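Listed here are the chains, written in short residue letters.
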Amino acid sequence: MYDTIECPDWFAQWVVSYGRAFGISAELTDTMLRIWWPAFHMARFVEADFTRALPALVGAENPPNWPREHLGAVNRALRAAKDQRTRRAPEPSGSGRPEARCAWCGGDGWVSVPHPKYLANGEWVAPHPTVTPACTRCDRGERSYQAHCETAAAERRPGPMTIDQYEKLVGTAWAEIVARHEQAQRLMARAVSATDGIDRTPNLTRLANAFAMPK
Ligand SMILES: [Zn+2]
């Protein structure tokens, strides 16, 4: 099912330019077009990110030689370009929660959702922090929520936010955004493993260039 995502012409062109700059093998080229592209696509890198990334890659102090180095280097350059585009400073925080019965809270009364400040343009932005509003969509969640509200009222502080209030704030698309984020991660993991499988000999063209044209 992954392979049905065809890469656009501009990406094919970019791969040609990349191949010229780094002298990559036909096999790696093919992997880039078929397997890297869906991962990049799901990670929501856009043409402008690739355009910005290429000179950064070519000018890098330690250019990639091995297939797996290529993917790592391209990913880093793309992420930097995307960060610049979306202007988001990364900030560590948040936690995940296990899932079980209730489709929303998994039975523990709290729903793990993207932090509202990290939802931008239909995307959950790195480092993907979460918040946990109370689930009011199952009995267990509702009971737990009421108990927390009573405690909070006794202590004269506001009760927890509910999943309904959260959705009023950010909209209902968050679940789809999370699913897309997880799919993007799976695709990138697949791109990494496919690239690791490529011939592990160093890129001789690149090495020859390095000797011929010392910096
Ligand atoms: Zn629930």
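Check the entry above for the structure.
Each value, and the rule that gives it
- Just so you know, the residues in each chain are numbered from 1, in the order the chain's sequence is written.
- Local features are withheld for residues below a pLDDT of 70 in this predicted model, meaning they are given only at 70 or higher, and side-chain atom pairs are given and counted only at 80 or more; totals for whole chains, interfaces and linings count all residues.
- Side-chain metrics in this entry use all non-hydrogen atoms of the structure; hydrogen atoms and water are not considered.
- As used in this record, nonpolar core signifies buried Ala, Val, Leu, Ile, Met, Phe, Trp, Tyr and Cys residues forming a set joined through side-chain atoms within 4.5 Å.
- Only protein chains enter the area calculation, which uses a 1.4 Å probe; residues under 20% of their type maximum are buried, those over 50% are exposed, and those in between are partly exposed.
- For helices the rule is a DSSP run of H or I covering at least 4 residues; for strands it is a run of E covering at least 2, with both sets numbered from the N terminus onward.
- Stacked, tilted and edge-to-face are the three classes assigned to paired rings of Phe, Tyr and Trp, where Trp is represented by its six-membered ring and a pair needs centres within 6.5 Å; plane angles under 30 degrees give stacked, over 60 edge-to-face, the rest tilted.
- Lysine and arginine charges are scored as sitting over a ring when NZ or CZ, respectively, is within 6 Å of the ring centre and within 35 degrees of the ring normal.
- We call two N or O atoms a polar contact when they sit within 3.5 Å, provided that within protein one can donate a hydrogen and the other can accept it, with sequence-adjacent residues counted only if both atoms are side-chain atoms.
- Between two residues, a contact is recorded if the distance between any of their heavy atoms is within 4.5 Å.
- Distances up to 2.8 Å from the metal define which N, O and S atoms are donors, and 3.2 Å serves for Na, K and Ca; water is absent from the atom set, so sites may look incomplete.
- The rule is simple: four donors are tetrahedral if all their angles sit between 85 and 135 degrees, four are square planar and six octahedral if opposite donors span more than 155 degrees and the others lie between 65 and 115, and anything that fits none of that is irregular.
- Axis geometry follows a simple rule: fit a line to the C-alpha atoms, using only the stretch in contact for helices, then measure angles between N-to-C directions, giving values from 0 to 180 degrees.
- Roughly parallel covers angles under 35 degrees, roughly antiparallel covers those over 145, roughly perpendicular covers 65 to 115, and oblique covers all other angles.
- Should the near helix be turned anticlockwise from the far one by less than a right angle, the crossing is termed left-handed; should it be turned clockwise, right-handed.
- For this scheme, ten residues count as nonpolar: Ala, Val, Leu, Ile, Met, Phe, Trp, Tyr, Cys and Pro. Four count as charged, namely Asp, Glu, Lys and Arg, and the remainder, Gly too, count as polar.
- It is the directions from the helix axis to the C-beta atoms whose arc is reported.

Draft legend 1. The arrangement of the nonpolar core in detail. Formed by 31 residues in total, the largest nonpolar core has its most connected members in Trp14, Tyr18, Phe40 and Leu57. Where this core is concerned, the elements lending two or more residues are helix 1 (9-22), helix 2 (26-42), helix 3 (47-58), helix 4 (67-86) and helix 7 (174-196). The element that contributes the greatest number of residues to this core is helix 2, accounting for eight residues. Of all hydrophobic cores here, the second largest spans 16 residues; its members include Leu119, Val125, Cys138 and Ile177.

Draft legend 2. Layout of the packing of aromatic side chains. Counted by the stated rule, this structure contains 16 aromatic pairs. Measuring from ring centre to ring centre gives 4.8 Å for Phe11 and Trp37, while their planes differ by 40°; the resulting arrangement is tilted. Here Trp37 lies in helix 2 and Phe11 lies in helix 1, a separation of 26 residues in the sequence. Taking the centre distance of 6.0 Å and the plane angle of 55° together, the rings of Trp104 and Trp174 count as tilted. Placement of Trp104 in the loop between helix 4 and strand 1 (113-114) and of Trp174 in helix 7 is noted, with a sequence separation of 70 residues between them. On the basis of relative accessibility, which here comes to 36%, the residue Trp104 falls in the partly exposed class. Among the aromatic residues, those joined into a ring-pair cluster are Trp10, Phe11, Trp14, Tyr18, Phe22, Trp36, Trp37, Phe40, Phe45 and Phe50. Sitting over the ring of Trp104, Arg137 keeps its end group 4.5 Å from the ring centre.

Draft legend 3. Geometry of the side chain of Glu123. With respect to the secondary-structure elements, Glu123 resides in strand 3 (residues 123-124). Residue Glu123 is classed as buried on the basis of its relative accessible area of 15%. At a separation of 2.6 Å, a polar atom in the side chain of Glu123 contacts the side chain of Lys82. When near neighbours in sequence (up to four residues on either side) are disregarded, Glu123 contacts Ala43, Arg44, Lys82, Tyr118 and Ile177.

Draft legend 4. Main features of the coordination of the zinc ion. Surrounding the zinc ion are the protein donor atoms Cys102 (SG), Cys105 (SG), Cys135 (SG) and Cys138 (SG), at 2.3 to 2.4 Å. The site at the zinc ion holds four donor atoms, and with the angles between them running 104 to 118°, its shape is tetrahedral. Site description for the zinc ion: donor spacing in sequence, C-x2-C-x29-C-x2-C. Taken as a pair, Cys105 in the loop between helix 4 and strand 1 and Cys138 in the loop between strand 4 (130-131) and helix 5 (139-154) lie far apart in primary sequence, 33 residues in all. Assigned by exposure class, Cys105 and Cys138 land together as buried.

Draft legend 5. Fine view of the side chain of Glu167. Secondary-structure assignment places Glu167 in helix 6 (residues 163-170). Looking at Glu167, the relative accessible area reads 13%, which means it is buried. Contacts of Glu167, omitting those with residues within four sequence positions, involve Trp104, Arg137, Thr172 and Trp174.

Draft legend 6. The arrangement of the packing of helix 1 against helix 2 in detail. One can describe the packing of helix 1 onto helix 2 by two numbers: an axis separation of 11 Å at closest approach and a directional angle of 130°. As the angle between them shows, helix 1 and helix 2 are arranged oblique. Handedness of the crossing formed by helix 1 with helix 2: right-handed. Between helix 1 and helix 2, the contacting residues are Trp10, Phe11, Ala12, Trp14, Val15 and Tyr18 on the first element and Thr29, Met32, Leu33, Trp37 and Phe40 on the second. Split by residue class, the contact of helix 1 with helix 2 holds 10 nonpolar, one polar and no charged.

Draft legend 7. How the structure looks around helix 6. Taken residue by residue, helix 6 has Ile163, Tyr166 and Glu167 as its buried positions. Looking straight down helix 6, one finds its buried side chains confined to an arc of 95°; they lie on one side. Exposed and facing more than 90 degrees away from the buried side of helix 6 are Lys168 and Leu169. The elements touched by buried residues of helix 6 are strand 1, strand 2 (119-120), strand 4 and helix 7. The positive-phi residue at the C-terminal boundary of helix 6 is Gly171, with phi of around 95°.

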